[in-house]
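Given next are the chains, with one letter for each unit.
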Amino acid sequence: MYGPGGWSGKYQRRLALSDAFVVTLVMVLAQAARFGWNPEAPVTGPSAPPYWFVSLGIAVLWLINLTLMRSREPRILGHGPQEFQRVVSASWYTFALIAIVGFLTQWQISRGYLLFALPVGTFALLVYRAAWRAWIHAQRDGGELQAQVLVVGPWSTSEQMIRRLRRSRRAGYNVVGVCLPPTSLGELSEDIADVPVLGAISNAIGAAQRVGAEYILLSGNDAMSLSEARRLGWALEGTGIGLIVAPAMVDIAGPRVLMSPVEGLPLLHVDPAEFTGSKYLLKSLADRVTAALLLATLGVPMLVVALLVKVTSSGPVLFRQIRIGRAGEQFRM
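Summarised in this report is the structure supplied together with it. Because the structure is a prediction, the values reported are computed rather than measured. (Residues numbered from 1 in each chain as written. Predicted model: local features only at pLDDT ≥ 70, side-chain atom pairs only at ≥ 80, totals over all residues. Heavy atoms only, no water.)

Observations concerning the pattern of salt bridges
Side chains carrying opposite charge are able to pair once their charged atoms draw close together. Inspection of the entire model under this criterion finds ten salt bridges. For Asp19, the salt bridge identified is with Arg72, shortest N-O distance 2.9 Å. Here Asp19 is found in helix H1 (residues 7-35), whereas its partner Arg72 is found in the loop between helix H2 (51-68) and helix H3 (82-105), with 53 residues between them in sequence. Grouping residues by exposure puts Asp19 and Arg72 together as buried. (Salt bridge = Lys/Arg side-chain N within 4 Å of Asp/Glu carboxyl O. Helix = DSSP H or I, 4+ residues; strand = E, 2+ residues; numbered from the N terminus. Buried < 20%, exposed > 50% of the residue type's maximum accessible area, 1.4 Å probe, protein only.)

Following this line, the structure appears as structure tokens:
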């Protein structure tokens, strides 16, 4: 569970200890690599402290930024890039603040010392976080470390949501039930029939409390008005149950999505897909280089397979078919 007595609290504490160990070790190594094992090596500048004091200050500030950036938030642990992005941001802010302090105090902190600590420390934190994530994945593959979720919404979209969550076990959501509109069939398809239907949408909070759900997931707003959805969010206050809203648009890249609140209503702005510019050229170049390397590596085995196909069966070795490509133009694949 995500609650204070669940897995996330214990995991966050372990993650905090790992962060503290990595940051402390990196700062000790940075000082040793630059100044040897002399902790009293002084910083150049007026009223400058010894380097052990600077190392301690950087370590504490680094750990505080990792906390302020919410890099250990349960909702981002185990899936997606946000955890790693927040670790990098915390590291960047830490050393930006150190640079500002050095400028204001005129302390000339060694650049070699900082250039060792920043990249090595960030890399070490990312490696540790990746190792912890691999452990989470192993646990979730075995059905552990799952947040209990009650899916609420229209029949068809709720079924789609349940299937998606089951295919993505490593995201950490286990569906314990579903609430459907009164006009629905009242039962789910055969492949997900083991998920219990716990009543109508109007009884979602009571159903969530009965089955111990940690989140109510709105799979769509077709079965309720905006005011009803808002009242549901208000009614969850004090219950300890979180609310997750699944947008109607799916499979959209994160950088193309921007949320803006209008009169309490979160509007999702989705930028149109672009197939031009530097990113497109870089992607095209990477695809071609990767394809060339793979062809060079697999050329001989593919030639052997082609000869075996020709010898053992009739017809051409290569399968050809007309397909529809960019701008609706046909091409032979």
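Structural notes on the nonpolar core
Met27, Ile58, Trp62, Ile109, Tyr113, Leu114 and Leu125 are the most contacted members of the largest nonpolar core, which totals 23 residues. Of all the secondary structure elements, the ones that give two or more residues to this core are H1, H2, H3 and helix H4 (111-141). Looking at this core element by element, the count peaks at six residues for H2. Here Ile58 is in contact with Met27, Thr94, Phe95, Ile98, Tyr113 and Leu114, once residues within four sequence places are set aside. Counting 17 residues, the second-largest nonpolar core is a separate cluster that includes Ala147, Val178, Ile192 and Tyr215. (Core = buried A, V, L, I, M, F, W, Y, C linked by side-chain atoms within 4.5 Å. Contact = heavy atoms within 4.5 Å.)

What to know about unusual backbone geometry
The phi dihedral of Arg70 is positive, around 55 degrees, even though this residue is not glycine. Along the chain, Arg70 falls in the loop between H2 and H3. Exposure remark for Arg70: the relative accessible area of 47% places this residue in the partly exposed category. Phi at Leu145 is positive, roughly 55 degrees, even though this residue is not glycine. For Leu145, the position within the fold is in the loop between H4 and strand S1 (147-152).

Observations regarding the packing of H1 against H2
Two numbers describe how H1 lies on H2: the axes approach to 10 Å, and their chain directions differ by 150 degrees. By the angle between their axes, H1 is roughly antiparallel relative to H2. Handedness of the crossing formed by H1 with H2: right-handed. Residues Asp19, Ala20, Val23, Met27, Gln31 and Phe35 of H1 touch H2, and the partners they reach there are Tyr51, Trp52, Ser55, Ile58, Ala59, Trp62, Leu63 and Leu66. (Axes fitted to C-alpha atoms, helices over the stretch in contact; angles between N-to-C directions. Parallel < 35°, antiparallel > 145°, perpendicular 65-115°, else oblique. Left-handed = near helix turned anticlockwise from the far one by under 90°.)

Some words on H3
When the terminal C-alpha atoms of H3 are compared, their 34 Å separation across 24 residues agrees well with the 34 Å that a helix rising 1.5 Å per residue should span. Within H3 the residues assigned to the buried category are Glu83, Arg86, Val87, Ala90, Ser91, Thr94, Phe95, Ile98 and Gly102. Just downstream of H3, Gln106 is the residue with a positive phi angle, here 60 degrees. (Expected span 1.5 Å × (residues − 1).)

Considerations on the sheet that holds strand S4 (residues 215-218)
For sheets, the rule is that strands pair by backbone hydrogen bonds, running either parallel or antiparallel. Sheet architecture is open: five strands sit in the order S3-S2-S1-S4-S5, paired in parallel fashion. The open sheet has two free edges, formed respectively by strand S3 (197-200) and strand S5 (242-245), since each of these has just one partner strand. Averaged over all pairs of adjacent strands, the angle between strand axes in this sheet comes to 30 degrees, irrespective of strand direction. Across the sheet, helix H5 (residues 155-167) touches S1, strand S2 (173-180) and S4, and the angle it forms with S2 is around 170 degrees. (Pairing = 2+ DSSP bridges.)

Quick look at the side chain of Glu73
Tracing the sequence through the fold places Glu73 in the loop between H2 and H3. If near-sequence neighbours (up to four positions away) are discounted, Glu73 is found in contact with Gln12 and Arg86.

Quick word on the environment of Tyr113
Here Tyr113 lies in helix H4. Since its relative accessible area comes to 0%, Tyr113 is described here as buried. The spacing of Tyr113 and Gln31 is 82 residues in sequence and 6.4 Å in space, taken between C-alpha atoms. If sequence neighbours within four positions are ignored, Tyr113 has contacts with Met27, Ala30, Gln31, Arg34, Phe35, Tyr51, Val54, Ser55 and Ile58.

Section: the packing of aromatic side chains
By the definition in use, this model includes seven aromatic pairs. Ring centres of Phe21 and Tyr128 lie 6.3 Å apart, and the angle between their planes is 55 degrees; on these two criteria the pair is classed as tilted. Here the residue Phe21 occupies a position in helix H1, and Tyr128 occupies one in helix H4, the gap between them amounting to 107 residues. Measuring from centroid to centroid gives 6.4 Å for Tyr173 and Tyr215, while their planes differ by 80 degrees, and the two rings are edge-to-face. On the criterion of sequence distance, the pair formed by Tyr173 in strand S2 and Tyr215 in strand S4 is long-range, its members being 42 residues apart. In terms of burial, Tyr173 and Tyr215 fall into one category: buried. Connected via pairs of aromatic rings, a cluster forms that spans Tyr11, Trp132 and Trp135. (Phe/Tyr/Trp six-rings, centres within 6.5 Å; stacked < 30°, edge-to-face > 60°.)

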